[in-house]
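# Coordinate analysis (summary)
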Amino acid sequence: MTAKPLNDLLNWRYATKKMDPSKAVPQDKVDAIVEAIRMAPTSSGTQPFELIVVTNPDIRSKIAEAAGGQAQITDGSHVLVFAAWDNYTAERIDNVVDLNVAARGDLPMLHAYYDNLKANYLPREVEVNYAHAARQAYIALGVALIAAAEQEVDSTPMEGFDPDAVDTILGLKERGLRSVVLMPLGYRAETGDWLLPMEKVRKSRDSIVTEVN
């Protein structure tokens, strides 16, 4: 872990295009990134996604095929797959209630809050609920990118893949999950990455920020 200021870490990280296959991310760094993902905020604390950490080379090769051959998946040492719930169900929300009761006590307000949540979520269309769950997974992705930078581990967020194929490879459909985004972890190669020497490009503060006083 580094003691660099957060904005320095954000300037250091980039969507790495070429990983060094000879360098594996140590388990303690992976654990730190995974723990940050576990601690990420989500709507109503539901955490409506699961994280699949893939190190198996054969499985990563299959995922790479489903992602148009993006080599970071196989050249990196780990692939994080963020998989959202395919729907909100009473059972899934009740499990969240149980966690709250175990940690905070059997408070009437907890039951009232999540009963209201079920009343609002359960009648909605499946795709509406999946899209909401997927957005929570993206919150965790953002935390993961920062956590990886803190550990000075390179990462690449990826949407360019066939979700149905990845779901089949990992058996996600049977678990009520759908893959949302991938995040390979590894270390940048010293040569061969066209993006590495490039200056980071971001919009100016004035063009992206509106202050309402």
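In what follows, the accompanying structure is described. (Residues numbered from 1 in each chain as written. Predicted model: local features only at pLDDT ≥ 70, side-chain atom pairs only at ≥ 80, totals over all residues. Heavy atoms only, no water.)

## Observations concerning the sheet that holds strand β1 (residues 49–54)
Within a beta sheet, neighbouring strands are joined by backbone hydrogen bonds and run either parallel or antiparallel to one another. Selection criterion: Two strands make a pair as long as DSSP finds a minimum of two bridges between them. Numbering goes from the N terminus for both helices and strands, where a helix is a DSSP run of H or I of at least four residues and a strand is a run of E of at least two. Residues are treated as being in contact if the distance between any of their heavy atoms lies within 4.5 Å. Angles run from 0 to 180 degrees between N-to-C directions of axes, and those axes are lines fitted to C-alpha atoms, restricted for helices to the stretch in contact.
Taken together, the 4 strands give an open sheet; going across it, the order is β1-β2-β4-β3, and neighbouring strands pair in antiparallel fashion. A single partner strand is all that each edge strand has here, and the edge strands are β1 and β3 (154–155). The sheet contact formed by β1 and strand β2 (residues 78–85) spans 6 bridges and is antiparallel. Note on β2: the bridge partner recorded for Val53 is Leu80. Of the strands in this sheet, β1, β2 and β4 (177–186) are in contact with helix α2 (residues 27–38), which crosses β2 at around 20°.

## What to know about the environment of Lys23
Positionally, Lys23 belongs in the loop between α1 (6–12) and α2. For the pair Lys23 and Asp75, spaced 52 residues apart in sequence, the C-alpha separation works out to 8.9 Å.

## Quick notes on the environment of Ile37
Short version of the rule: Exposure categories follow from relative accessible area, calculated using a 1.4 Å probe and restricted to protein chains: below 20% of the type maximum is buried, above 50% is exposed, and the middle band is partly exposed.
Structurally, Ile37 can be placed in helix α2. Since its relative accessible area comes to 2%, Ile37 is described here as buried. When the C-alpha atoms of Ile37 and Ala140 are compared, they prove to be 5.3 Å apart, with 103 residues separating the residues in sequence. Residues within four places of Ile37 in sequence aside, it is in contact with Phe49, Leu51, Leu80, Phe82, Ala140 and Ala144.

## Describing the packing of helix α5 (residues 90–104) against helix α6 (residues 108–121)
For any two helices packed against each other, the geometry comes down to the angle between their axes and how far apart the axes lie. Which entries qualify depends on this criterion: To sort the angles, those under 35 degrees are grouped as roughly parallel, those over 145 as roughly antiparallel, those from 65 to 115 as roughly perpendicular, and the leftovers as oblique. Helix crossings are classified by the rotation of the near helix relative to the far one: an anticlockwise turn of less than a right angle makes the crossing left-handed, while a clockwise turn makes it right-handed. Residues are sorted three ways: Asp, Glu, Lys and Arg are charged, Ala, Val, Leu, Ile, Met, Phe, Trp, Tyr, Cys and Pro are nonpolar, and all the rest, Gly among them, are polar.
At a minimum axis separation of 10 Å, α5 and α6 run at an interaxial angle of 165°. Relative to α6, the element α5 lies roughly antiparallel. Helix-helix and strand crossings are classified by hand; for α5 and α6 the assignment is right-handed. Note on element contacts: α6 touches α5 through Leu110, His111, Tyr114, Leu117 and Lys118, opposite Ala90, Ile93, Asp94, Val96, Val97, Asn100, Val101 and Arg104. Considered class by class, the residues forming the contact of α5 with α6 number 8 nonpolar, 2 polar and 3 charged.

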